[in-house]
Number of protein chains: 4
Amino acid sequence: MAKQIKTIGVLTSGGDAPGMNAAIRAVVRKSLANGLKVKGIKKGYMGLLNEEIIDMDRRSVSDIIQRGGTILGTARCMEFTTPEGQAKGAEICRKHGIDGVIVIGGDGSYRGAQKLSQQGINTVGIPGTIDLDISCTDYTIGFDTAINTAMEAIDKIRDTSSSHERVSIVEVMGRHAGYIALWCSIANGADDILLPEKYDYNEQRIIDNIIDNRKKGKTHHIIVNAEGIGHSTSMARRIEAATGLETRASILGYMQRGGSPTCKDRVYASMMGCYAADILAAGKTNRVVGYRNGQFVDYDIDEALAMKKNINEYMYEIARIL
Amino acid sequence: MAKQIKTIGVLTSGGDAPGMNAAIRAVVRKSLANGLKVKGIKKGYMGLLNEEIIDMDRRSVSDIIQRGGTILGTARCMEFTTPEGQAKGAEICRKHGIDGVIVIGGDGSYRGAQKLSQQGINTVGIPGTIDLDISCTDYTIGFDTAINTAMEAIDKIRDTSSSHERVSIVEVMGRHAGYIALWCSIANGADDILLPEKYDYNEQRIIDNIIDNRKKGKTHHIIVNAEGIGHSTSMARRIEAATGLETRASILGYMQRGGSPTCKDRVYASMMGCYAADILAAGKTNRVVGYRNGQFVDYDIDEALAMKKNINEYMYEIARIL
Amino acid sequence: MAKQIKTIGVLTSGGDAPGMNAAIRAVVRKSLANGLKVKGIKKGYMGLLNEEIIDMDRRSVSDIIQRGGTILGTARCMEFTTPEGQAKGAEICRKHGIDGVIVIGGDGSYRGAQKLSQQGINTVGIPGTIDLDISCTDYTIGFDTAINTAMEAIDKIRDTSSSHERVSIVEVMGRHAGYIALWCSIANGADDILLPEKYDYNEQRIIDNIIDNRKKGKTHHIIVNAEGIGHSTSMARRIEAATGLETRASILGYMQRGGSPTCKDRVYASMMGCYAADILAAGKTNRVVGYRNGQFVDYDIDEALAMKKNINEYMYEIARIL
Amino acid sequence: MAKQIKTIGVLTSGGDAPGMNAAIRAVVRKSLANGLKVKGIKKGYMGLLNEEIIDMDRRSVSDIIQRGGTILGTARCMEFTTPEGQAKGAEICRKHGIDGVIVIGGDGSYRGAQKLSQQGINTVGIPGTIDLDISCTDYTIGFDTAINTAMEAIDKIRDTSSSHERVSIVEVMGRHAGYIALWCSIANGADDILLPEKYDYNEQRIIDNIIDNRKKGKTHHIIVNAEGIGHSTSMARRIEAATGLETRASILGYMQRGGSPTCKDRVYASMMGCYAADILAAGKTNRVVGYRNGQFVDYDIDEALAMKKNINEYMYEIARIL
């Protein structure tokens, strides 16, 4: 029989992502509407272990839906990867009367939620990462904002690249995942794209492509390079040497993690927050919310962590044809 | 046996939407990659009847993916709603060697495509409208840009509404559909929402809600009103009289139809353009592209026009709870 | 001999404007750096009369420089236009130990500051209004943000106007002043401009201009209309009737008053806040800060209120030629 | 007696800057209104020497005011720094009937204009550079757009910096000039600022400041570093080692040179373009347009190049106090 939940906690963990505040707000307000008490746990699992726990009401989350970052803060926490840390975390939950915890973050954060669930604290995960690299879901909080931020930056780089008839390499975020690079390469009409998921990196092919395009009269050349490939600066140097064309690298960096969330990130984060609040209230545990085939769903965390995700091949083909 | 397609035409019809240029670009480039010739038909069906038809190559669609509006122009055309107009349109296609036409627009535009198909010209429709009011698809080109434009405007209105402790009614587009209103009401944390799909409009309830919120200490009150409800200005007057609180209406208007498309609109419009180009090349006709359950699909236009679409009830509930 | 100032108050009054928070932040931090105590007076003169007065320290103004609106709130106050109200206001200042007040607002707000100064409370005004309609200064807080907001909206309207070959009338804010209209008409390449400062309004001339431009092949026609002229909707109806061309009006409305301030508004508001804090600390009273001939300066309020301001004729000529 | 001008040329030279297109448009249209013919010279002085010269009419500059970059292109040109190159340039002007040339660019571009003037071709310069590093003027085309682009990026970095309680070093453009850094440090409320104009770089002071702020409860620390100082990445490594706090560098890069120009950049570039067109039409030569003390003015190029410019000390003080 499902455990009855009276008080929940909410935390954000791992890298922050725009829309996390919308999710926190939804978790708090939907849980209150469901008749529960809500506590905010600051700075992820580290804050849990340090008992940085605050009471939250409707007003605690006023005027935050439009803000980047996370009002709860986030941090990485080695201690919580140990059995002792996990037991201590569950103990602190019990001490504060917290029956269930909603964890907003990525795969690493779900592993924490899994352990907490094993320790008797109900948990539900919400996918929050700009990288989209969570296998069980087609949507992660922050991705839509990040691709728009990167795209707008690349639009600007294209202006100056075109005026100077320059080759530009733009490195976008994504750690080991190339989703931001793939989307931007289509959205920005990039001439070349480099993804960690594709093992066909061939600098000579890029160089030939640049020379070929220049002959056809194209006045600029944009290469979108994923963080997982990296080395944009040295690549620029080699391409400049090989083509004789001015070549510059831009590494977009941390700006991609911030900013006021897009409409989609605010709305989907709100819906995922409500969904998570509802299933936690219903007594579910060790679950993670996902968006799959056009619907919000939930999976067992163990299953979710075992899933694999691949770059959409048709999308990758389109990125190279257009 | 499928008709062999050698030359296609592309046109935009009905209200314009950001992302239409991305779709045109994809149609042109993918069709060329598929070995076809491409012609652009200007100003929708009216331009077809006036033979405003131009040759298009890869360069014709350079540097347009980031632009709002449609480079082909669009117009309404009464003549094409008549059998004579439709026959004439098909005749002109044949005269120009156009075997198939891709039509980017809404339901009205599909009816034209349906008739053209009956006249022996293959047709494929792509959903392009900021209103999202096409039943066969979860995505329409321009909606994502429109909701972000509206949301950013409402964010700004909230700043001044809050400084003056004012009630603000913001009227967003959508003709008979409330999707823009629904998304913005969640994304902007609106206090009230009025949708044409919901017949429970009750001004006294809104007035009570305002007074109630004011007592709880909330310093502003945002009402998102859909165009299909309208009458924002007179509503503001009545609410001000009833509550004694300064109340102002803003009608966002045509700015919602323009602007550089968001990343999602650029990418999905590109994918839909490629998809349409591929099925037209494969000899399909009287089809419309859709995005359903997380996938790009296509439907028979007759079936597509017979479908119904409803506001997501869970989303509407969330809009009111949060 | 200059009165010695130990504690100052700061308030915002009249219509809010983006950048007011930057000015408040600068007033508070510079005054603290000058060794003074600072109190915030909420909701303008009304809040003063209601004794809504709070202590402010460095942290009170953290994380506000990027926000639209005013954290202190603003309101209109009839009572403070009476001698009794003014005497009461001065009395309340004395009760709270406030020796000097910095007032951020427009001409109406300066009149209040003038009266307060006559009652023995030192005062310094800072020009805050999106309308730029303060005679003693070339810069007012919020104008730069407002023109960018309006310009971006008109850019979007132009996209759709061009796709539909439509005539668009866009009404921008400015009450009796046409500065926003003038700047936007240049920045947006408008075809016609209507300003309250120019008495040559002639609808037939606009109609002729539209027909003339259409003959030259121009596919859209943008008219920027100032709020002080107004009547955009009926104008659109008449122009449509006279030209036979689809004509639409957009009234941009309150969004022009909000939004995160531009860099210029943040920087100049910060500098004006510091300047005001410094001259108040130095014992000056009945002064208003201005930006004139490329420098921050201050004027006696009586003189400032007597100044006149005119539309730059060369700018107006350029608006019509380009 | 002033030489009579019948045909002018216009070129952009050096680094591109948002607003250059607005200036080109104004030069073209005002010159046409002044009864002159106009030719566009592509890719700066290099294009002049290669005779890349095109006729321009009113329509050549339609729909460009809102675009970043320069439609004429720009390039660096060693040949034009030689007397032979300069004589050849003047000869080509004469061959094409060009009596006067308007050069949009920075100091280096003015030197070219100076030489061309000595060769008998009238010249007028317009200051175009995002760096603001031209001594004779308080305004340069592109600076306003660049500071807003940088500021918005830093706002986003602040979100994530705050969520992670991180130290962030943001490197902004400006070559040898610190103006972008100075403006952003005020606009973004930076905690430290490093300018090439100030020789007090002291890493220990920054480290002490970080530790001090952290003790006071500040959760993030933003350092704005000018390109002229550079070395942000190694600085981040040393600061992280010294403070034990996560420290990250972001180098904003080329995005600062592009993007749709702000309202101020569009308007001032338009006015400078008109001003330059007028003085060139009036027979002036070897002049450069400036904005000084709130007015558009012009200087002899020799004098302009001899002027010095300094960082505003009051502004620098404010940047450090606020």
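Naming follows an unreviewed UniProt entry, where chain A appears as ATP-dependent 6-phosphofructokinase of Butyrivibrio proteoclasticus. Chain A has a UniProt comment under Function (unreviewed entry) that states "Catalyzes the phosphorylation of D-fructose 6-phosphate to fructose 1,6-bisphosphate by ATP, the first committing step of glycolysis."

Attention now goes to the interface of chain A and chain B. Contacts between the two partners involve 44 residues from chain A, matched on the other side by 44 residues from chain B. Buried area between chain A and chain B, both sides added, is near 3,600 Å², and the carbon and sulfur share of it is 62%. Of all residues in chain A, Cys-263, Tyr-314 and Leu-322 of chain A give up the largest surface area on contact with chain B, accounting jointly for 18% of the area buried on that side. Remark: the boundary between chain A and chain B carries four salt bridges. Taking the shortest distance from any N to any O, the salt bridge between Arg-158 of chain A and Asp-63 of chain B comes out at 3.3 Å. Remark: the boundary between chain A and chain B carries 18 residue pairs in polar contact (both at pLDDT 80 or more). Among the secondary structure elements, those contributing two or more residues to the side of chain A that touches chain B are α1 (20–33), α5 (143–163), α6 (179–187), α9 (263–281) and α11 (313–321) of chain A.

This part takes up the sheet that holds strand β3 (residues 53–56) of chain A. Residues and elements named next belong to chain A. Spatial strand order, β3-β2-β1-β4-β5-β10-β11: seven strands in an open sheet with mixed pairing. Edge positions in the sheet fall to β3 and β11 (295–300), since each of these pairs with one other strand and no more. Taken pair by pair, the neighbouring strands of this sheet meet at an average axis angle of 30°, ignoring direction. Pairing of strand β4 (residues 100–105) with strand β5 (residues 122–127), which is carried by six bridges, proceeds in the parallel orientation. Across the sheet, residue Val-101 finds its bridge partner in β5, namely Thr-123. Of the strands in this sheet, β1 (7–12), β4, β5, β10 (287–292) and β11 are in contact with α9, which crosses β5 at around 165°.

A few words now on the pairing of strand β5 (residues 122–127) of chain D. Residues and elements named next belong to chain D. With six of six residues buried, β5 is to be regarded as a mostly interior element. The alternating pattern of β5 places Asn-122, Val-124 and Ile-126 on one face and Thr-123, Gly-125 and Pro-127 on the opposite face, and all of these are buried. Chirality of the crossover, the property in question, places the unit of strand β4 (residues 100–105), helix α4 (residues 107–118) and β5 among those that are right-handed. By the bridge criterion, two bridges tie β5 to strand β10 (residues 287–292) in an arrangement that is parallel. Each residue of the ladder has a partner; that of Gly-125, found in β10, is Val-288.

Packing of α11 of chain A against helix α9 (residues 263–281) of chain B leaves a shortest axis separation of 11 Å and a crossing angle of 95°. One way to sum up the angle between α11 of chain A and α9 of chain B is to call them roughly perpendicular. Where α11 of chain A approaches α9 of chain B, its residues Tyr-314, Met-315 and Ile-318 of chain A are matched on the opposing element by Val-267, Met-271, Cys-274, Tyr-275 and Asp-278 of chain B. Grouping the constituent residues of the contact of α11 of chain A with α9 of chain B by class yields seven nonpolar, no polar and one charged.

This part covers the domain arrangement of chain A. Residue and element names in this part refer to chain A. Domain boundaries assigned for chain A yield domain 1 (5–140 + 260–304) and domain 2 (146–256). Centre-to-centre separation of domain 1 and domain 2, based on C-alpha positions: 36 Å. The partner domain 2 presents nine residues to the six residues of domain 1 that form the contact. Interface area, domain 1 with domain 2, both sides summed: about 660 Å², of which 57% is carbon and sulfur. Counting the surface domain 1 buries against domain 2, the share from its top three residues, Ile-130, Asp-131 and Leu-132, is 68%. Where domain 1 touches domain 2, the interface holds two residue pairs in polar contact (both at pLDDT 80 or more). When grouped by side-chain class, the residues that make up the side of domain 1 that touches domain 2 number two nonpolar, two polar and two charged.

Let us now look at the relation of the copies chain A and chain B. Between chain A and chain B, the superposition needs a rotation of 180° and an axial shift of 0.0 Å, giving an RMSD of 0.0 Å. In symmetry terms, the pair is related by a two-fold rotation axis. Closest approach to the rotation axis within chain A is made by the C-alpha atom of Asn-293 of chain A, at a distance of 2.1 Å.

Reading the values: the criteria
The residue numbering used here restarts from 1 in each chain and proceeds along that chain's sequence as written. In the order they appear in the text, chains get letters beginning with A and ligands get numbers beginning with 1. Side-chain atom pairs in this predicted model are given and counted only at pLDDT of 80 or more, local residue features only at pLDDT of at least 70, and totals for whole chains, interfaces and linings cover all residues. Values reported for side chains reflect all heavy atoms of the structure, with hydrogen atoms and water molecules removed beforehand. UniProt positions are given in the numbering used here, feature names are shortened, and annotations may be inferred rather than shown by experiment. Any two residues having at least one pair of non-hydrogen atoms within 4.5 Å are treated as being in contact. What gets called buried area is simply the loss in accessible area from a 1.4 Å probe that two parts show on being joined, summed for both. We count a salt bridge whenever a side-chain nitrogen from Lys or Arg sits within 4 Å of a carboxyl oxygen from Asp or Glu. Polar contacts, as used here, are pairs of N or O atoms within 3.5 Å; protein pairs need one atom able to donate a hydrogen and one able to accept it. Residues neighboring in sequence count only if both atoms are side-chain atoms. Secondary structure elements follow DSSP: runs of H or I no shorter than four residues count as helices, runs of E no shorter than two count as strands, and numbering proceeds from the N terminus. The pairing criterion is simple: DSSP has to find at least two bridges between the two strands. All axes are obtained by fitting lines to C-alpha atoms, using only the stretch in contact for helices, and the reported angles, taken between N-to-C directions, cover 0 to 180 degrees. Think of it in three bands: residues with accessible area under 20% of the maximum for their type are buried, residues over 50% are exposed, and the middle band is partly exposed, with areas taken using a 1.4 Å probe on protein chains only. Think of it like this: strands point away, you trace from the first strand over the helix to the second, and a clockwise trace means the crossover is right-handed. We call two directions roughly parallel when the angle between them is under 35 degrees, roughly antiparallel when it is over 145, roughly perpendicular when it lies between 65 and 115, and oblique otherwise. Ten residue types, Ala, Val, Leu, Ile, Met, Phe, Trp, Tyr, Cys and Pro, are classed as nonpolar, four, Asp, Glu, Lys and Arg, as charged, and the remainder, Gly among them, as polar. All the domain ranges listed were derived from an automatic or database domain assignment. When the copies are superposed, the least-squares fit draws on C-alpha atoms of residues that have pLDDT of at least 70 in both.

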